[in-house]
Amino acid sequence: IPFHIVEGAVTDVRVPQNTTRSLLPFLQQANVQYTILISDLQQAIENQTGGRPHRNRRSLSGYNYEVYHSLEEIEDWMHYLNRTYSDLVHMFSVGKSYEGRPLYVLKSRPLCCQMLRDCHSLSQHLIGKLFLLWKLFSFTDPDMRKMLTQLYFYIMPVFNVDGYHFSWTNDRFWRKTRSKNMRFHCHGVDANRNWKVKWCDEGASLHPCDDTYCGPFPESEPEVKAVAHFLRKHRKQIKAYLSFHAYAQMLLYPYSYKYATIPNFNCVESAAYNAVNALQSAYGVRYRYGPASSTLYVSSGSSMDWAYKNGIPYAFAFELRDTGHFGFLLPEMLIKPTCTETMLAVKNITLHLLKKCH
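Residues numbered from 1 in each chain as written. Predicted model: local features only at pLDDT ≥ 70, side-chain atom pairs only at ≥ 80, totals over all residues. Heavy atoms only, no water.

Peer 1: Describe the overall build of the chain, naming the residues involved and giving the relevant values.
Peer 2: Counting secondary structure elements, the chain contains eleven helices and ten strands. Sorting the 358 residues of the chain into buried and exposed places 53% on the buried side. Across the chain, the fraction of contacts at a sequence separation of at least 24, relative to all contacts at a separation of at least 6, is 73%. Carbon and sulfur atoms provide 51% of the accessible area of the chain, an area that totals close to 17000 Å². (Helix = DSSP H or I, 4+ residues; strand = E, 2+ residues; numbered from the N terminus. Buried < 20%, exposed > 50% of the residue type's maximum accessible area, 1.4 Å probe, protein only. Contact = heavy atoms within 4.5 Å. Areas by Shrake-Rupley, 256 points an atom, 1.4 Å probe, with all protein chains shown as cover.)

Below you can see the structure in the form of structure tokens.
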């Protein structure tokens, strides 16, 4: 059992099946309450990542938005969208990852202001990135048409491309980047602790082998540096920054790094309240909302705080389904409902933003 588990806290522990018989009596003897959530974790992983050969997608109608996709399949889909709908979408790269992979962004249509949506950093966050895009480009929805004719959307389906790829080939629960630390022989930095805003303060670790390692210095990770550069370049035009994570069923806004009220609290709080109500209207799933520090936990160096501190007035982080039963292994059958309800929240925030844009 990891040494850092605090007494009284709830935590997830993954154990080899052949140790279960010896572990359970120990937990009972120590009076530790436990619940077996997934009896065969390896099988659950293989159900999501194995058994489906890669295919180049020839049409959007043939693309399955209700299964998890490898990085290669996601990028193939983006290239297809860029080729086929060049009048609606422009694909470009903002830089390269540590391992040399391009950091692709899709840009949609014109007019008054801009918005950046990033399916952020942690490689476990597989939930329906492309389904969200598909819903965004649903031109039959009058609200979507309004959004797409009055806003630019910059959409980055995968931020941590190296980590995401590694989570398909080696470790399904990998969360960091893949940069090397030669001194400790540990890989990766938590990309959502690496931004230059109260860097490596509370909620981040200085140890390279920890999951919350903040890196040797702010923007040490090429992925973070590239996106930060892009945001700095466009920050006068960008009005909102939305980041998508898993899991907890929360809609969070600044600050993450401290307990304090943001200057435009009333406006942001109103947008969050309306968004979670819109989300709940789909399937009755309730999201908590509020400042990240008090609603989730204190963490420093996050992209959301950085975006807000750099002049982007609406910065939100979604923590999608569920609240821990499936955790990072959310079944594929829940992709569609999760993304359908999330899109209602995104649409609500965007329409709220449009009222402030005039």
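Peer 1: Would you mind going over the nonpolar core in detail, with residue names and values included?
Peer 2: V94, W195, L231, L251, F316 and F318 are the most contacted members of the largest nonpolar core, which totals 84 residues. When residues in this core are grouped by element, the largest group, nine residues, is from helix 11 (residues 335-357). Those residues in contact with F318 that lie beyond four places of it in its chain are S243, F244, H245, M250, L251, T342, A345, V346 and I349. (Core = buried A, V, L, I, M, F, W, Y, C linked by side-chain atoms within 4.5 Å.)

Peer 1: Let's hear about the UniProt feature "active site" (unreviewed entry) in the chain: which residues, and what values?
Peer 2: Per the UniProt record, "active site" (unreviewed entry) is annotated on E319. Relative to the assigned elements, E319 resides in strand 10 (residues 314-320). We classify E319 as buried; its relative accessible area is 10%. Look past the residues within four positions of E319 in its chain and what remains in contact with it is H245, A246, Y247, A248, Q249, M250, L252, Y287 and L296. (UniProt positions renumbered as here; feature names shortened; annotations may be inferred.)

Peer 1: Go over the state of the cysteines, please, and point to the residues and values.
Peer 2: Applying the stated criterion across every chain yields a total of two disulfides. Paired by a disulfide, C200 and C214 hold their sulfur atoms 1.9 Å apart. Taking the sign of the torsion about the S-S bond as the criterion, the disulfide between C200 and C214, at about -70°, is left-handed. Here C200 is found in the loop between strand 6 (186-187) and helix 7 (222-234), whereas its partner C214 is found in the loop between strand 6 and helix 7, with 14 residues between them in sequence. For the pair shown, C200 and C214 are each scored as buried. (Disulfide = S-S within 2.5 Å.)

Peer 1: With reference to specific residues and values, describe the pairing of strand 8 (residues 250-253).
Peer 2: Of the two faces of strand 8, the one holding M250 and L252 and the one holding L251 and Y253 are both buried throughout. In this sheet, strand 9 (residues 288-291) lies alongside strand 8 in parallel orientation, the contact comprising four bridges. Pairing of L251 across the sheet is with Y289, part of strand 9. With helix 8 (residues 265-283) bridging strand 8 and the parallel strand 9, this β-α-β connection has right-handed handedness. Note that strand 8 and strand 10 share three bridges and pair antiparallel. Across the sheet, L252 pairs through a bridge with A317, a residue of strand 10. (Pairing = 2+ DSSP bridges. Right-handed = clockwise from strand over helix to strand, strands pointing away.)

Peer 1: Which residues make up the environment of K309, and what are the values?
Peer 2: Looking at where K309 falls in the secondary structure, it is placed in helix 10 (residues 303-309). When the C-alpha positions of K309 and I262 are compared, they lie 10.0 Å apart, and in sequence the two are 47 residues distant. K309 has contacts with V197, Y255 and Y257, leaving out every residue within four places of it along the chain. Within the structure, K309 has its side chain in polar contact with the side chain of Y257 (distance 3.4 Å). (Polar contact = N/O pair within 3.5 Å; in protein donor to acceptor, adjacent residues only side chain to side chain.)

Peer 1: A description of the packing of aromatic side chains should follow, citing residues and the corresponding values.
Peer 2: Going through the model one piece at a time under the given rule, you end up with 16 aromatic pairs. Their ring planes at 55° and their centres at 5.2 Å tell us that W195 and W306 sit as a pair that is tilted. Of this pair, W195 sits in the loop between strand 6 and helix 7 while W306 sits in helix 10; the two residues are 111 residues apart in sequence, bridging distant segments of the chain. Of the two residues, W195 and W306, neither departs from the other in class, the shared state being buried. With 6.4 Å between their ring centres and 85° between their planes, Y253 and F316 make a pair best called edge-to-face. Note that Y253 is positioned in strand 8 and F316 in strand 10, a separation of 63 residues in sequence. Assessed through its relative accessible area of 1%, Y253 is described here as buried. (Phe/Tyr/Trp six-rings, centres within 6.5 Å; stacked < 30°, edge-to-face > 60°.)

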